[in-house]
Amino acid sequence: HYMLKEIYEQPKAITNTLEGRLGTDHVVVESFGNGARAIFDQVEHVQIVACGTSYNSGMVARYWFEEIAGVSCDVEIASEFRYRKSVVRPNSLLVTLSQSGETADTLAALRLAKESGYMSSLAICNVPGSSLVRESDLAFMTRAGAEIGVASTKAFTTQLAGLLMLVASVGHCRGHLSAAAEAELVKALQALPLRIKESLALAKDIEALAEEFADKHHSLFLGRGSQYPIAMEGALKLKEISYIHAEGYPAGEMKHGPIALIDERMPVVAIAPHDHVFEKMQGNIQEAKARGGAVIAITTAGDDTLWRLP
Ligand code: BG6
C-alpha cells in the first residue's frame, strides 16, 4: 500500500531535499529564498506553526533552534495560534510547516501573522504553488514527491532535514554556529539517506515486534529532549494507522500519572539513543519494567546497555 511504499521512498526523498543545497562544509542559505540571508542575519525569535505530524517536526526543531542556532523558538498548533491573542517578539520569523500547503488552520495562522508584526514568514512545504508557498515571503520545498498515504511519512522526515538546514543557516548567519560544527551537521545530513536505508533493513525484526503489539489496546511512547516529539509522532502514527490507543509522553513525566497504567498489557516504546539524557531514559525504562511493562526500546546501533538493564 502507499504508506509502505512511501516509507521506503525516504532515502530518495531526502536525497532530493538535500540536492544542490549543501556546499562541502556549509548549508546554502539561499536555499530558503533570495532574501533569506538578510532576514536570518537579524532574526531573534522563531515562531513555528503547524498541524498534526508537521507540528511534531516543528517540536523537534525547537530543540535544535535553541541548542544549535542559539535562537529562541516557540511551536504552536495552528488551530490554537489562530484563535488567541499572542505577543509578537521583536525580529520574529514565522515558520509554517505543511506537507500540503493547504491546511486551513495553518493558512489562517499565516494570514493572521502577516498582520501582526512578524518580520517575515517562511513556509517549509512539499507542494510547490500551494497557497502557503504563494502567500509566504520565503519558501523551502521539501521535494518529498507526492504523498498519497493519509498519514505523513516521507513528508515528515524531509521536513526534519529541511528544518535542520534552516537551523544551521540561522546559526551561521547569527554567528552562533562554528564552521566546524556546521561542517559536522552537513556531514550528518549527507549520511541520512544511507542511515535510513540501514533502518529500513531492520524491517523483518520490526515486523516480529509488531506481531506482539498487534493485540494490545493501549501503549505509551516515551522520549526525552528532541526524542520527546519523536515519541509523540510514534504515538500519533499508531493511533491513526492501527487504531490502537497510544500516548506520547516526555519520559520524565511518566511518574506523574501514566505510570499507573503500565502493566504487561501495555507496551512501552522508549526512544533512547545514546545521547545526553540516555541515563535518564535508562531509569525510566527500569521503572516501566518494574511495573511489568513490555518495553520496546529504540537505541543506538551496537549499544547493548539496554539489554543489560535489570
Ligand atoms: C492530517 C494528516 O490530517 O493533516 C497528517 O493526516 C498531517 O498526516 C496533517 O500531518 C497536517 O497536514 P499538512 O499538509 O499541513 O502537513
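In this report, we go over the structure that sits alongside the text. (Residues numbered from 1 in each chain as written. Predicted model: local features only at pLDDT ≥ 70, side-chain atom pairs only at ≥ 80, totals over all residues. Heavy atoms only, no water.)

## Quick word on the packing of aromatic side chains
- For the structure shown, the criterion picks out two aromatic pairs.
- For the pair phenylalanine 32 and phenylalanine 140, a centre-to-centre distance of 4.8 Å together with 20 degrees between the ring planes defines the contact as stacked. Placement of the pair is phenylalanine 32 in the loop between α2 (10–18) and α3 (36–42) and phenylalanine 140 in strand β5 (residues 138–141), with a sequence separation of 108 residues. In terms of burial, phenylalanine 32 and phenylalanine 140 fall into one category: buried.
- Of the aromatic side chains, those joined through ring pairs into one cluster are Phe32, Phe40 and Phe140.
- Taking NZ or CZ as reference, arginine 21 lies 3.9 Å from the ring centre of phenylalanine 140, over its face.
- Over the ring of tyrosine 63 we find arginine 62; its NZ or CZ atom is 5.5 Å from the centre of that ring. (Phe/Tyr/Trp six-rings, centres within 6.5 Å; stacked < 30°, edge-to-face > 60°. Helix = DSSP H or I, 4+ residues; strand = E, 2+ residues; numbered from the N terminus. Buried < 20%, exposed > 50% of the residue type's maximum accessible area, 1.4 Å probe, protein only. Lys NZ or Arg CZ within 6 Å of the ring centre and 35° of its normal.)

## Side note on the site of the ligand
- Taken together, Cys51, Gly52, Thr53, Ser54, Ser98, Gln99, Ser100, Thr103, Val150, Ala151, Ser152 and Glu240 are the residues near the ligand.
- Contacts to the ligand include serine 100, whose side-chain N or O atom sits 2.7 Å from an oxygen atom.
- Between the ligand and threonine 103 there is a distance of 2.5 Å, counted from an oxygen atom to a side-chain nitrogen or oxygen.
- Here the ligand has 390 Å² of accessible area as a free molecule, and 75% of this is covered by the chains.
- Here the shell around the ligand is built from residues that sort into three nonpolar, eight polar and one charged. (Near = heavy atom within 4 Å. Polar contact = N/O pair within 3.5 Å; in protein donor to acceptor, adjacent residues only side chain to side chain. Areas by Shrake-Rupley, 256 points an atom, 1.4 Å probe, with all protein chains shown as cover. Nonpolar A, V, L, I, M, F, W, Y, C, P; charged D, E, K, R; others polar.)

## Comments concerning the side chain of serine 31
- Within the fold, serine 31 resides in the loop between α2 and α3.
- Look past the residues within four positions of serine 31 in its chain and what remains in contact with it is Arg21, Ala139 and Phe140. (Contact = heavy atoms within 4.5 Å.)

## Comments concerning the sheet that holds strand β6 (residues 218–223)
- With respect to topology, four strands assemble into an open sheet ordered β7-β6-β8-β9, the strand pairing being parallel. Pairing within the sheet leaves two strands with one partner each, and these edge strands are β7 (245–250) and β9 (295–299). Strand after strand, the sheet turns through a mean of 20 degrees between neighbouring axes, direction not considered.
- Examined bridge by bridge, strand β8 (residues 268–272) and β9 share five bridges and lie parallel to one another. For valine 269, the partnering residue across the bridge sits in β9 and is isoleucine 296.
- Taken strand by strand, helix α12 (residues 278–290) contacts β6, β8 and β9, and its axis lies near 165 degrees from that of β8. (Pairing = 2+ DSSP bridges. Axes fitted to C-alpha atoms, helices over the stretch in contact; angles between N-to-C directions.)

## A word on the pairing of β8
- Summarising burial for β8: five of the five residues are buried, a large majority.
- Because side chains alternate across β8, one face comprises the buried residues Val268, Ala270 and Ala272, and the other comprises Val269 and Ile271, equally buried.
- When β6 meets β8, the two strands line up parallel, connected through three bridges. Its bridge partner being in β8, phenylalanine 221 is matched across the sheet by valine 269.

Limitation: the analysis is restricted to geometry and does not speak to function.
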